[in-house]
Amino acid sequence: MKKSIFAVCDLEASYAYNLMEAIDERQGMSFEVQAFTNVESLISYARERHIELLLISAAAMCGELLKLSIGKIMILSEGEKKKELSDYPCIYKYQASDQLIAEVMNYYAVEAVPAPAAMLKKKVEIIGIYSPVGRSLKTSLALTYGQIRAREHKVLYLNLEEYAGFETLLEEKYEADLADLLYFARLGSGNLVYRLGSLIRHLGGLDYIPPAFCPEDLRNISPGEWTSLIRDLAEYSAYDVLLLDIGSAVNGITELLKLCTKVFMPVSGDEIAAAKLEQYERVLKQQNALNVLEKTQKFSLPFVSGSGKGKAYMEQLVWGELGDFTRQLIREEQDGRMGTGRTEPAKKTQGTAGSDTGGGRPGDLPAD
């Protein structure tokens, strides 16, 4: 099935091609991206093929384009908006490419656009990381696993915790987050993948949606809405792996776990943790969710040393003892040697196991 055309036209060749590459990297899942450095070649192309979205510099815009098959036009502005172009949305061209693309896709998503076609691809892996036991290094494992897998696959990480702390942890500021994506999904427009493109942030090669800031934004989502969101992402996006870091605020955790290809469950070895785990497994059996237990791998994680914030700390996770553990875990997956439901305690050095959140009542599962 053919993709819609996203065209960039700028008289500055290096800018046009660099922007084309950035768009293709971020939005190639949804569009075929073309770059043009003169109006004549753009006009010739548009006479043969429909252009769904055109991003064009003010200097290159001309009336001839209005006669052609072009869906939406946005003007690349250098700061001043020309009166004759006042009917078109403008975007400042000299800004970070990620921000520029996010603004373009945000505009495109809220307009009346054709529903995206389902991607023709192999089955998407949906990896759940969840534990009924608190302080289990769950999020540290998720971020480490996601960064390592993203070196060879397209991975989208979703943090579904009450308090993820990402603005502090990653030293970022977010104007939109997972709650916005969920709101857009509720509208039922069928254009979730376009809105997704305006929200994506990057941690090295790992893509992620900023976590919801307010816990209430997660608690108000029904189990059906969660499963619908995950299925749409699997069907309409180009990601190979969806990585779900599931926290206690989610309604219907069992339903999410049922969707997962596999579930990783970090646990600790003390008696209180063992009691919580036993109760969790009884609840799953009561809910006839034995398949969740069958695809769950339980283990305790090595102590995470190091400190700090931002990308430097994320690199420490990848190249430290937790990274070594995770690479071995991935090798076992690839070799088909990963057992189900087994527990493999890892060696620990002296220290506290970590402070990833896991407390509170996770909807239909036992409290921490």
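Up top is the structure these notes are about.
What counts as what
Residues numbered from 1 in each chain as written. Predicted model: local features only at pLDDT ≥ 70, side-chain atom pairs only at ≥ 80, totals over all residues. Heavy atoms only, no water. Helix = DSSP H or I, 4+ residues; strand = E, 2+ residues; numbered from the N terminus. Buried < 20%, exposed > 50% of the residue type's maximum accessible area, 1.4 Å probe, protein only. Contact = heavy atoms within 4.5 Å. Areas by Shrake-Rupley, 256 points an atom, 1.4 Å probe, with all protein chains shown as cover. Phe/Tyr/Trp six-rings, centres within 6.5 Å; stacked < 30°, edge-to-face > 60°. Lys NZ or Arg CZ within 6 Å of the ring centre and 35° of its normal. Expected span 1.5 Å × (residues − 1). Salt bridge = Lys/Arg side-chain N within 4 Å of Asp/Glu carboxyl O. Pairing = 2+ DSSP bridges. Polar contact = N/O pair within 3.5 Å; in protein donor to acceptor, adjacent residues only side chain to side chain. Axes fitted to C-alpha atoms, helices over the stretch in contact; angles between N-to-C directions.

What follows deals with the overall build of the chain. What the chain contains, in helices and strands, is 14 helices and 13 strands. Expressed as a percentage of its 368 residues, the buried residues of the chain come to 52%. Considering only intrachain contacts with a sequence separation of at least 6, the fraction spanning at least 24 residues in the chain is 72%. Of the roughly 16900 Å² of accessible surface on the chain, 48% is carried by carbon and sulfur atoms.

Right, let's get into the packing of aromatic side chains. Taken as a whole and assessed by the stated rule, the structure comprises 12 aromatic pairs. Between tyrosine 130 and tyrosine 280, the ring centres sit 5.9 Å apart and the planes meet at 45 degrees, which makes this aromatic pair tilted. With a gap of 150 residues between them, tyrosine 130 in the loop between strand S6 (125-129) and helix H4 (138-149) and tyrosine 280 in helix H11 (residues 271-286) connect regions that are remote in the sequence. Judged by relative accessible area, which is 1%, tyrosine 280 ranks as buried. Relative to phenylalanine 166, the ring of tyrosine 157 has its centre 6.1 Å away and its plane inclined at 15 degrees; by these criteria the two rings are stacked. Note on accessibility: tyrosine 157 and phenylalanine 166 belong to one class, buried. Counting every residue linked through ring pairs, the aromatic cluster contains Tyr145, Phe264, Phe299 and Phe325. Over the ring of tyrosine 15 we find lysine 93, and its NZ or CZ is 4.5 Å from the ring centre.

Here the focus is helix H1 (residues 13-27). Over its 15 residues, H1 runs 20 Å from end to end, which matches the ideal 21 Å to within 8%, given 1.5 Å per residue. Buried within H1 are the following residues: Tyr15, Ala16, Leu19, Met20, Ala22, Ile23 and Gln27.

Turning our eyes to something else, we now look at the pattern of salt bridges. Scanning the model with the defined rule gives 18 salt bridges in all. A salt bridge links aspartate 10 to lysine 93; the nearest nitrogen and oxygen atoms lie 2.6 Å apart. Taken as a pair, aspartate 10 in the loop between strand S1 (4-9) and H1 and lysine 93 in the loop between strand S5 (90-92) and helix H3 (97-110) lie far apart in primary sequence, 83 residues in all. Glutamate 281 is paired through a salt bridge with lysine 298; the nearest N and O atoms lie 3.6 Å apart. In this pair, glutamate 281 sits in helix H11 while lysine 298 sits in strand S12 (residues 296-299), placing the two residues 17 residues apart along the sequence.

The subject of this paragraph is the pairing of strand S7 (residues 155-160). Burial runs high along S7: six of the six residues are buried. Judged by which residues are buried, S7 turns out to be covered on both faces: Val155, Tyr157 and Asn159 on one side and Leu156, Leu158 and Leu160 on the other are all buried. Two strands pair when backbone bridges link them, and S7 and strand S10 (residues 241-246) are joined in this way by six bridges, in the parallel orientation. What sits directly across from asparagine 159, in S10, is aspartate 245.

Turning our attention to H4. In this model H4 runs 16 Å from its N-terminal to its C-terminal C-alpha over 12 residues, within 8% of the 16 Å that 1.5 Å per residue would give. For H4, the tally of buried residues reaches 12 of 12 residues, placing the bulk of the element in the interior. Among all positions of H4, only Lys138, Thr139, Ser140, Leu141, Ala142, Leu143, Thr144, Tyr145, Gly146, Gln147, Ile148 and Arg149 are buried.

Its place among the elements puts asparagine 159 in strand S7. For asparagine 159, the side chain forms a polar contact with the side chain of tyrosine 157, separated by 2.9 Å. Separated by 3.0 Å, the side chain of asparagine 159 and the backbone nitrogen of glutamate 161 make a polar contact. With residues near it in sequence (within four places) discarded, asparagine 159 still touches Thr139, Ala164, Phe166, Leu178, Pro211 and Asp245.

Attention now moves to the sheet that holds strand S4 (residues 70-77). Ordered by their spatial adjacency, five strands build an open sheet running S2-S1-S3-S4-S5, and the pairing between neighbours is parallel. Strands at the two margins of the open sheet, each flanked by one partner only, are strand S2 (31-36) and S5. Sheet twist, expressed as the average angle between the axes of neighbouring strands with direction ignored, equals 25 degrees. Here S4 pairs with S5 via three bridges, running parallel.

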